[in-house]
Amino acid sequence: TMLVNLNGDLQMVKVDMSGKRLGRLTRKLSKKSVTRSQIIYKLLREIPENEMPITFGYFPESVGVTYDDLTFDLGNIYREYGIYPRANKKRWLIPFFSLYSQDFRNPGNELIIEQLIRFSGLDPSDFFETKIVRPYIYNAFYFAFKYGLLFEPHPQNVLVELDEQFNIVRFIYRDLQTVIVDAEL
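Notes on the structure follow. (Residues numbered from 1 in each chain as written. Predicted model: local features only at pLDDT ≥ 70, side-chain atom pairs only at ≥ 80, totals over all residues. Heavy atoms only, no water.)

1. Looking at unusual backbone geometry
Part 1 of the argument: A cis geometry characterises the amide bond from Tyr84 onward to Pro85, with omega recorded as -10°.
Part 2 of the argument: Among the secondary structure elements, Pro85 is positioned in the loop between strand S7 (73-80) and strand S8 (92-95).
Part 3 of the argument: The residue Phe166 is not glycine, and still its phi comes out positive at about 65°.
Part 4 of the argument: Considering the arrangement of structural elements, one finds Phe166 in the loop between strand S10 (158-162) and strand S11 (168-173).
Part 5 of the argument: In this structure Phe166 comes out as partly exposed when scored by relative accessible area, which is 40%.
Part 6 of the argument: In the Ramachandran plot, Asp175 falls in the positive-phi region, its phi being about 60° despite a non-glycine side chain.
Part 7 of the argument: Along the polypeptide, Asp175 turns up in the loop between S11 and strand S12 (180-181). (Helix = DSSP H or I, 4+ residues; strand = E, 2+ residues; numbered from the N terminus. Buried < 20%, exposed > 50% of the residue type's maximum accessible area, 1.4 Å probe, protein only.)

In C-alpha cells:
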C-alpha cells in the first residue's frame, strides 16, 4: 500500500504487485479481490454510524480499478485516508503487530503494549482482557452475527487507535477484500 498525495488529498493505494512476493505472501490483486472490496465497502456504508460498535472503525475502500484480458487480470484499490466512522478528536494509529514488536532502533525499550499497560495503571491481565480481547472479539462477533460479515482481523489488517491519553479507543480495519459474507449467520 502506497500513500499518495492527490492535489492535497491523501489517499492510500493498494497496488497489484503482479504476483511478486511481499514477505511470505504473493501480492496479487485480482478483479475478484477488488470487486469483493467494493461490495464490502458498500455493505459497510449501509450500516448507520450509530449502529457500529464504538470500538470499530475502517478505512473506506471507495474506488477499485481492474483490468483484465484473456491472459491476466490486475487491480488497484483506493483507500481513503480518513477513518469511518469519523472521530473529531486527535488520535494516533499503530499497526496492531507493533504493540508487541521490538523497536529495532532501540531494542532496550519496552514494547508498546508494555508502555500502554504502564500508562493505564491496570494489571497486565486486566488490561489485555478489557482493552484488547473483549473489544476485539466483540467487533468480530457483532459484524458476524448481525450482518454476516466475517472480518479477517489478523495483526496486519488491524490498526489500534489511541487517544491523547494513550488509551486504546478503537480497532481500525483495512483490506476489506478479505472479508467474507455469510448470509446464513
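2. Let's talk about helix H3 (residues 124-147)
Part 1 of the argument: Look at H3: 33 Å from first C-alpha to last across 24 residues, which is about the 34 Å you get at 1.5 Å a residue.
Part 2 of the argument: Roughly 30° is the biggest bend found in H3, and it falls at Val133, with proline Pro135 one to four residues downstream.
Part 3 of the argument: Within H3, burial applies to Phe127, Ile132, Pro135, Tyr136, Asn139, Tyr142, Phe143 and Ala144.
Part 4 of the argument: The secondary structure elements touched by the buried residues of H3 are helix H1 (31-45), strand S5 (56-58), helix H2 (112-120), strand S9 (149-150), S10 and S11.
Part 5 of the argument: Positive phi shows up at Gly148, right after H3, with a value of about 70°. (Expected span 1.5 Å × (residues − 1). Bend = angle between axes of the 7 residues up to and from the residue. Contact = heavy atoms within 4.5 Å.)

3. Structural notes on the environment of Arg170
Part 1 of the argument: Structurally, the position occupied by Arg170 is in strand S11.
Part 2 of the argument: For Arg170, a relative accessible area of 5% puts it in the buried group.
Part 3 of the argument: Between the C-alpha atom of Arg170 and that of Val158, which follows or precedes it by 12 residues, the distance is 10.0 Å.
Part 4 of the argument: In this structure, Arg170 is in contact with Ile54, Thr55, Phe56, Gly57, Ile83, Tyr84, Pro85, Ala87, Arg91, Leu159, Val160 and Glu161, ignoring residues within four places of it in sequence.

4. Notes on the sheet that holds S11
Part 1 of the argument: Across the sheet, which stays open at both edges, the 4 strands sit in the order S5-S11-S10-S8 with mixed pairing between neighbours. Each edge of the open sheet carries a strand with a single partner, namely S5 and S8. Mean inter-strand twist for the sheet, computed between neighbouring axes without regard to direction, equals 35°.
Part 2 of the argument: Taken together, the 5 bridges between S10 and S11 define a ladder with antiparallel strand orientation. Following the sheet pairing, Glu161 is matched in S11 by Arg170.
Part 3 of the argument: Sheet strands touched by H3: S5, S10 and S11. Its angle to S11, the strand with the most contacts, is close to 40°. (Pairing = 2+ DSSP bridges. Axes fitted to C-alpha atoms, helices over the stretch in contact; angles between N-to-C directions.)

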